[in-house]
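Spelled out from the first residue to the last, the chains are:
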Amino acid sequence: MKQKIPRIGGWLYRRAENVLAAMLAAMFAAFLLQIAFRYLLNLPIGWTSEVSAILWIWMVLWGAALVLREEEEIRFDLVYAVAGARVRRVMFLVAAGALLALYAVSFPAVFDYVTFMKVESTAYLKIRLDWLFSIYLVFVVAVIARYLFLSWRALRGAAPGAGDPTQGRSGV
Amino acid sequence: MSLASPFSIAIVSITMLAILGLPIGHAMIAGSILYLLLAGLDMGTAAEQILNGMYTNYIILAVPLFILAAELMNIGSMTDRLLRFCDAFVGRFRGGLAQVNILQSVIFAGMSGSAIADAAGTGKMMQNMMTKDGKYAPSFAAALTAATAVIGPIIPPSIPMVLFALVSDASIGYLFLGGVVPGLLMALSQMTIVGVAARRRNFPVEPPTPLRALPGITWRAFPTLMMPVVLLGGIYSGATTPTEAAALAAAYALVISVVLYRSVSFGEFYAAMLASARTSASIGMLIAGALVFNYVVTIENIPNDLRALLTAWELSPAGFLILVNILLLLLGCALEGTTILLIIVPVLIPTAQALGIDMVHFGVMVVVNIMIGLITPPYGLLLFIMTRIAEVPLRDLVRDVLPFLWAMFASLALITVFPDLVLWLPRLLGYEG
């Protein structure tokens, strides 16, 4: 049982990666379709740009919630990198506490906003916006779960990594 | 503005959370939620700003697509052929490989919009070529690669310019054009530095490629060389939007790598897709944080307060631009570039507009600043990447990067003082600014 959990976790993680890569591939395909329809067939279509925009939101929030590793996110690492393991643990716990409190306090209002958006739909595909925006709830819940887990580990004595800016994923 | 106002508390919290090591995107979202809470506003607004902002700003979609295009170029043999092409032409001069490094960066810059991707893509190959048989000192080779990679997002296409367009509403097409002359100017200054150092330090010469081999080498690199033409031709003929051009560039890279060069497996394709999606998600989080934070900044009327303050100082446009340069260069020593572009720059834009500064000029200048920030210690992302690739100490790398850094400062000063260097080409092609 003990080995099973990491194994299932690893399997699920790779599936989450598959979905993330597939979303970008689909966005890429939608763009190519849009260009082909407009210039080769002279038949402009609008739903492709809607699909791309939806995929962009999902890609970012899905990726940030389930796929991005701690070291991949962009941060200010100058202070963090020079701090010792114990200081880093304390720093992490303070930051995680603030994040958890604020995300948790705002969750009811965020939930209300997302569910209220059922009154609107997208222009072409008529997708209800509460469905479209539901990924934000997944994102908040996943971030809360992740930071609870990391805080629990830090409390048990494991200091978070010193950070490696070359692992950060910046696009500049 | 009192020190205990919701806004001041939010700013302090965001700064503290970032210093404590929270990802900057989360720090901004959390700080903005705190602001909404303290100001008694609906906290659901945080979600509203992020979701609507991401859904309606169509131009941001160029970011993941340009990242994908760069990844696809790096997995194929496009870079390989490009290097051989450059070597055939400039390798024969003294310091030939160093000149190859610069020339390939300029051509690569016409296809890729990310300096990080450029250094990661060709950095290893260039480093091996330059240090083989002890031709060049590893730290010099690494410093040169870092310095030439900086040109990538200044010559179009450019991810930082897309982000600037996002926060300023300036035209991406004209911003791209505005970067051409400054980018070439910087390349020229680097070539001069290498040329002078080549004589003084007696850099090696590559065996000259026989003239009759040139057509063959050019032919093999031709599809790669056509890429900037496809990309920029698409945008400036009006055939595609810049966002669509990004998709077209990725498709073109994929087609020539798979069909023409037969050098990409499905596994590599998947890896490129996943890597691009990861990078997009990481930048996307920063954009999400910036969307809600910029909303807070706007309802607090900060940009206009700053404008009022600076106009009260009776600052001249040139004085303001010099201040901006100093501010951005200092921030570049400590912060990652996307963060500066998405958080600091939006606050400065209204003042720039009030002073009558052209947005294309301002945007190109800002991007040059951000790019210089990639090679200024202590926090210079390109420096970190090149110490990793070249396995040289950061100190040696910084020492060898200094001459290039001075040259970039000089180029920055020139484009700050002479807006025509930036605006000449856009105006030639119809920009009315």
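Everything below is about the structure shown above.
These lines cover the structure that appears in this document, whether it is placed above or below. Remember, it's a predicted structure, so these values are computed and weren't measured experimentally.

## What to know about the overall build of chain B
When you go through chain B residue by residue, the secondary structure sums to 21 helices and 0 strands. Its C-alpha radius of gyration of 22 Å places chain B within 12% of the 22 Å reference for a compact globule of 433 residues. Here the C-alpha coordinates of chain B stretch approximately 75 × 45 × 45 Å along the principal axes. Residues counted as buried form 63% of the 433 residues belonging to chain B. Put simply, of all contacts in chain B between residues at least 6 apart along the chain, 78% involve residues at least 24 apart. Carbon and sulfur atoms make up 67% of the accessible area of chain B, which totals about 15,400 Å². In chain B, the 19 positive side-chain charges and the 21 negative ones have mean positions that sit 19 Å from each other.

## What to know about the nonpolar core
Membership of the largest hydrophobic core comes to 226 residues, with the highest contact counts inside it found for Tyr 136 of chain A together with Phe 164, Phe 320, Phe 362 and Leu 382 of chain B. With 16 residues, helix α14 (residues 266–299) of chain B is the single largest residue contributor to this core. Not counting residues within four places of it along the chain, the set of residues in contact with Phe 362 of chain B comprises Phe 164, Phe 320, Leu 321, Val 324, Leu 348, Ile 349, Ala 352 and Ile 357 of chain B.

## Topic: the environment of Leu 37 of chain B
Locating Leu 37 of chain B in the fold gives a position in helix α2 (residues 24–38). The class for Leu 37 of chain B is partly exposed, based on a relative accessible area of 39%. Leu 37 of chain B sits 31 residues away from Pro 6 of chain B along the chain, and the two C-alpha atoms are 8.5 Å apart. Those residues within four positions of Leu 37 of chain B in sequence are excluded, and the remaining contacts are Val 105 of chain A together with Met 43 of chain B.

## A few points about the interface of chain B and chain A
Facing the 78 residues of chain B at the interface are 68 residues of chain A. Between chain B and chain A lies a buried interface of about 6,400 Å² when both sides are counted; carbon and sulfur atoms form 74% of it. On the chain B side of the interface with chain A, the three residues burying the most area are Leu 51, Tyr 55 and Arg 278 of chain B, jointly 13% of the side's total. Across the chain B-chain A interface, the total number found is 3 salt bridges. Linking Arg 278 of chain B and Glu 72 of chain A is a salt bridge whose minimum nitrogen-to-oxygen distance equals 2.7 Å. Taken together, the links from chain B to chain A amount to 22 residue pairs in polar contact (both at pLDDT 80 or more). Its residues assigned to classes, the side of chain B that touches chain A comprises 55 nonpolar, 17 polar and 6 charged.

## Structural notes on the pattern of salt bridges
Under the counting rule described, the total for this entry stands at 14 salt bridges over all chains. Residue Glu 70 of chain A is joined to Arg 146 of chain A by a salt bridge in which the shortest nitrogen-to-oxygen separation is 2.9 Å. Of this pair, Glu 70 of chain A sits in the loop between α2 (47–67) and α3 (78–82) while Arg 146 of chain A sits in helix α5 (residues 129–155); the two residues are 76 residues apart in sequence, bridging distant segments of the chain. Accessibility assignment for this pair places Glu 70 of chain A and Arg 146 of chain A in one class, buried. Among the ionic pairs, Arg 399 of chain B bridges to Asp 396 of chain B, the shortest N-O distance being 3.9 Å. Of the two residues, Arg 399 of chain B and Asp 396 of chain B both sit in helix α20 (residues 394–417), 3 residues apart, roughly one turn of that helix.

## Considerations on the packing of aromatic side chains
Inspection of every chain in the model, using the stated rule, returns 20 aromatic pairs over all chains. One aromatic cluster is present, built from ring pairs that chain together Tyr 136, Phe 140, Phe 203 and Phe 404 of chain B. Over the ring of Trp 11 of chain A we find Arg 15 of chain A, and its NZ or CZ is 5.0 Å from the ring centre. Its guanidinium or amino end placed over the ring of Tyr 261 of chain B, Arg 81 of chain B lies 3.4 Å from that ring's centre, counting from NZ or CZ.

## Looking at the environment of Ala 101 of chain A
Structurally, the position occupied by Ala 101 of chain A is in helix α4 (residues 85–116). The class for Ala 101 of chain A is partly exposed, based on a relative accessible area of 41%.

## Things to note about the environment of Thr 387 of chain B
Residue and element names in this part refer to chain B. Of note, Thr 387 is situated in helix α19 (residues 381–390). The spatial distance from the C-alpha of Thr 387 to the C-alpha of Val 398 is 9.8 Å, given a sequence separation of 11 residues. In terms of polar contacts, Thr 387 uses its side chain to reach the backbone carbonyl oxygen of Phe 384, at 2.8 Å.

## Quick notes on α14 of chain B
Residues and elements named next belong to chain B. With 34 residues, α14 should reach 50 Å at 1.5 Å per residue; the first-to-last C-alpha distance of 49 Å fits that figure. Within α14, 26 of the 34 residues are buried, leaving the element largely enclosed by the surrounding structure. The first or second residue beyond α14 is Asn 301, which carries a positive phi of 65 degrees.

Calculation rules
Residues numbered from 1 in each chain as written. Chains lettered and ligands numbered in written order. Predicted model: local features only at pLDDT ≥ 70, side-chain atom pairs only at ≥ 80, totals over all residues. Heavy atoms only, no water. Helix = DSSP H or I, 4+ residues; strand = E, 2+ residues; numbered from the N terminus. Rg over C-alpha atoms; globule rule 2.2 N^0.38 Å. Buried < 20%, exposed > 50% of the residue type's maximum accessible area, 1.4 Å probe, protein only. Contact = heavy atoms within 4.5 Å. Areas by Shrake-Rupley, 256 points an atom, 1.4 Å probe, with all protein chains shown as cover. Lys, Arg positive; Asp, Glu negative; His and termini not counted. Charge placed at Lys NZ, Arg CZ, Asp CG, Glu CD. Core = buried A, V, L, I, M, F, W, Y, C linked by side-chain atoms within 4.5 Å. Buried area = accessible area lost by both parts, 1.4 Å probe. Salt bridge = Lys/Arg side-chain N within 4 Å of Asp/Glu carboxyl O. Polar contact = N/O pair within 3.5 Å; in protein donor to acceptor, adjacent residues only side chain to side chain. Nonpolar A, V, L, I, M, F, W, Y, C, P; charged D, E, K, R; others polar. Phe/Tyr/Trp six-rings, centres within 6.5 Å; stacked < 30°, edge-to-face > 60°. Lys NZ or Arg CZ within 6 Å of the ring centre and 35° of its normal. Expected span 1.5 Å × (residues − 1).

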